[in-house]
Structure formats: structure tokens, C-alpha cells
Amino acid sequence: DVKVTQSSRYLVKRTGEKVFLECVQDMDHENMFWYRQDPGLGLRLIYFSYDVKMKEKGDIPEGYSVSREKKERFSLILESASTNQTSMYLCASTQRGTISGNTIYFGEGSWLTVV
Amino acid sequence: QQQVKQSPQSLIVQKGGISIINCAYENTAFDYFPWYQQFPGKGPALLIAIRPDVSEKKEGRFTISFNKSAKQFSLHIMDSQPGDSATYFCAASMAPTNDYKLSFGAGTTVTVRA
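The notes below deal with the structure included here. (Residues numbered from 1 in each chain as written. Chains lettered and ligands numbered in written order. Predicted model: local features only at pLDDT ≥ 70, side-chain atom pairs only at ≥ 80, totals over all residues. Heavy atoms only, no water.)

**Remarks on the packing of aromatic side chains**
Residues and elements named next belong to chain B. So the rule is basically this: Pairing of aromatic side chains here covers Phe, Tyr and the six-membered ring of Trp, requires ring centres within 6.5 Å, and sorts the geometry by plane angle: under 30 degrees stacked, over 60 edge-to-face, intermediate tilted. Each helix is a run of DSSP H or I of at least 4 residues and each strand a run of E of at least 2, with the numbering of both proceeding from the N terminus. Burial here depends on accessible area, computed with a 1.4 Å probe over protein chains only, as a share of the maximum for the residue type. Under 20% is buried, over 50% is exposed, and the range in between is partly exposed.
Summed over the entire model, instances satisfying the criterion amount to 17 aromatic pairs over all chains. For the pair phenylalanine 33 and phenylalanine 73, a centre-to-centre distance of 4.9 Å together with 55° between the ring planes defines the contact as tilted. Taken together, the positions of phenylalanine 33 in strand β4 (residues 30–38) and phenylalanine 73 in strand β8 (residues 72–77) put the pair 40 residues apart, joining distant regions of the chain. With respect to burial, phenylalanine 33 and phenylalanine 73 carry one shared label: buried. Seen in terms of ring centroids, tyrosine 36 and phenylalanine 104 are 5.7 Å apart; in terms of plane orientation they differ by 55°. Their pairing is tilted. Of the two residues, tyrosine 36 sits in strand β4 while phenylalanine 104 sits in strand β10 (residues 102–104), which places them 68 residues apart along the sequence.

Put into C-alpha cells, the structure is as follows:
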């Protein structure tokens, strides 16, 4: 069974704190993604990575950074959390190749509240 | 600015009825249109997908209809069941240059009443 695991399901952080969201996949996928999900806005791509140490900005990268030191692990970093980053964060992975030929697998999400 | 517009935001249907969700797009470079299903507390999962070279694709009770000239596509859930209650997202992608970027609609929450 394929698995994308987000270790922190629910977090409450204070404004200005540095926040790490961790994601691990066990499918040996090359591509990994971080999305943000908000009501009425759907899923918006923050960053993605197509290889170790490689990253590309998605549609809403401001206020976020990422790290991919190992193939199976992709971390999302909020350098200085703000209340407008309160959201659900979804990690996903897929094999290299055309998106139409490969399924994207999502984790169960990390609910972040910034107070 | 959302590249894929989805409606309605929510719908309620009786068991056995038909649920219809509509999506529209502007970018004619999109050529892959998946639908994702998300249950509460879970991540989205691929439900069904279509390429623009066909006008309809059916998998069990789920059917995608695609109208290339109108730049619209829709999901039909036939014989809706309480277990279909979930949030559904349409999405679109360009290939090959933007292979990994999916643009998602805002989502539709479907409630099937027994």
C-alpha cells in the first residue's frame, strides 16, 4: 500500500515562530509537492521538488521554504509564521513522468493554526 | 486567480439521485483533467481523469463529460450513495512543459441523504 505520511496532523504555533512540516513517502517517487488547502480556494501549490536538493516555486511560495535532503523526505518550512498561514497543508508525491500517466498520492494533511 | 472555476460550492442529493459538478477553464493549453475525491480528515485521492481527445469517460457510477469547444467539463455521480459524501475537486494540467503542476478548482462538498 502506497503511503505519504505527514508526521504532524495538528499544530498550534505562535506568530513569529519557525514551523517545520515533515513529509515522508515510501514509494521511491521522484516528485514531491506541498499544497495548501483553504475553503473556497481549493488546493494551491506552494513548492515542488523533482529530485533531491531540487525545488521549484509553485503558485504561492511567499513566506515558505522547502528542503529535500533525501529522496523520501520533503519538508515545508514557515520561517516566521503568521496568522494568514493558518490552513491545512497537504504533501503529495508522484513518479517522474507525465502527470497524466502517474497518480499523485496525497498525505492526510497537517492542520496548522497560528495564533 | 483561479484557473479552474468549479460550481456549485455544495450540493445535497437524495440517495439514488444524480450529483453533477461543473468546471470551466480558460487556458486552452490544459490537456489533462482529473477529478479528486476527499473524505473528511483524509487527503484527496484520484477518482477519474480525462484527456480532451474524448468527450466522455465512465468508471462505474462516475462519469466525466468533456466539452472542448466550451472549455467545460463535469462530473456526474449516478445512483448517489451515502458513501459518496465527500468533497470533490476538479483539476487541470498542461503537458509537457508543466507536467507537475495541477490547477485545482475550489471544491464541491457533496452530501448524500439516505
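**A short note on the pairing of strand β9 (residues 87–94) of chain A**
Residue and element names in this part refer to chain A. Heads up, the condition is: Two strands are counted as paired when DSSP detects at least two bridges linking them.
Most of β9 is tucked away: eight of the eight residues are buried. Judged by which residues are buried, β9 turns out to be covered on both faces: Ser87, Tyr89, Cys91 and Ser93 on one side and Met88, Leu90, Ala92 and Thr94 on the other are all buried. Bridge analysis of strand β4 (residues 31–38) against β9 gives seven bridges, and the strand direction is antiparallel. Residue pairing across strands places methionine 32 opposite serine 93, the latter belonging to β9. Bridge count for β9 against strand β11 (residues 110–114) is three bridges, and the pairing is antiparallel. Directly across from methionine 88, in β11, lies its bridge partner tryptophan 111. Relative to strand β10 (residues 105–106), β9 runs antiparallel, the two sharing two bridges. In the strand pairing of β10, alanine 92 is matched with phenylalanine 106.

**Brief notes about the sheet that holds strand β3 (residues 19–25) of chain B**
Two pairing modes exist for strands in a sheet, parallel and antiparallel, and in both the strands are linked by backbone hydrogen bonds. Residue and element names in this part refer to chain B. Worth spelling out the cut-off: Each axis is a line fitted through C-alpha atoms, taken for helices only over the stretch in contact, and angles between the N-to-C directions span 0 to 180 degrees.
Strand order in the open sheet formed by five strands is β1-β3-β8-β7-β6, and the pairing between neighbours is antiparallel. Only two strands of the sheet have a single partner each, and these edge strands are β1 (4–7) and β6 (56–59). For this sheet the average axis-to-axis angle between neighbouring strands, irrespective of direction, equals 15°. As paired strands, strand β7 (residues 62–67) and β8 are joined by six bridges and run antiparallel to one another. Counterpart to threonine 63 in the pairing with β8 is histidine 76.

**Comments concerning the nonpolar core**
We count it as follows: Residues belong to a common nonpolar core when they are buried Ala, Val, Leu, Ile, Met, Phe, Trp, Tyr or Cys residues joined through side-chain atoms within 4.5 Å. Any two residues whose heavy atoms approach within 4.5 Å at even a single point are treated as in contact.
Formed by 25 residues in total, the largest nonpolar core has its most connected members in Phe33, Trp35, Phe73, Leu75 and Tyr88 of chain B. Listing elements by their share of this core, those giving two or more residues are β2 (10–14), β3, β4, β5 (45–50), β7, β8, β9 (86–94) and β11 (108–113) of chain B. A per-element tally of this core places β9 of chain B first, with five residues. The residues contacting phenylalanine 73 of chain B, other than those within four sequence positions of it, are Val4, Ile21, Asn22, Cys23, Tyr25, Phe33, Trp35, Ser65, Phe66, Cys90 and Ala91 of chain B. Cys23, Leu76, Leu112 and Val114 of chain A belong to the second-largest nonpolar core, a separate cluster that totals 21 residues.

**A closer look at the pairing of strand β8 (residues 73–78) of chain A**
Along a regular strand, successive side chains alternate from one face of the sheet to the other. All names here are of chain A. Counting buried positions over the six residues of β8 gives five, a clear majority of the element. The pairing of strand β3 (residues 19–25) with β8 spans six bridges and is classified as antiparallel. Bridge pairing in β8 places leucine 21 opposite leucine 76. Where strand β7 (residues 64–70) meets β8, five bridges bridge the pair, whose relative direction is antiparallel.

**A short note on the interface of chain A and chain B**
Put simply, the test is: Computed with a 1.4 Å rolling probe, the buried area is the accessible surface lost when two parts are put together, summed over both parts. In the sections that follow, a salt bridge refers to a side-chain nitrogen of Lys or Arg positioned within 4 Å of a carboxyl oxygen of Asp or Glu.
Counting residues at the interface gives 24 residues for chain A and 19 residues for chain B. Of the roughly 1,900 Å² buried where chain A meets chain B, counting both sides, 57% is carbon and sulfur surface. The interface formed by chain A and chain B includes one salt bridge. The partner of glutamate 108 of chain A in a salt bridge is lysine 42 of chain B, and the shortest N-O contact between them spans 2.8 Å.

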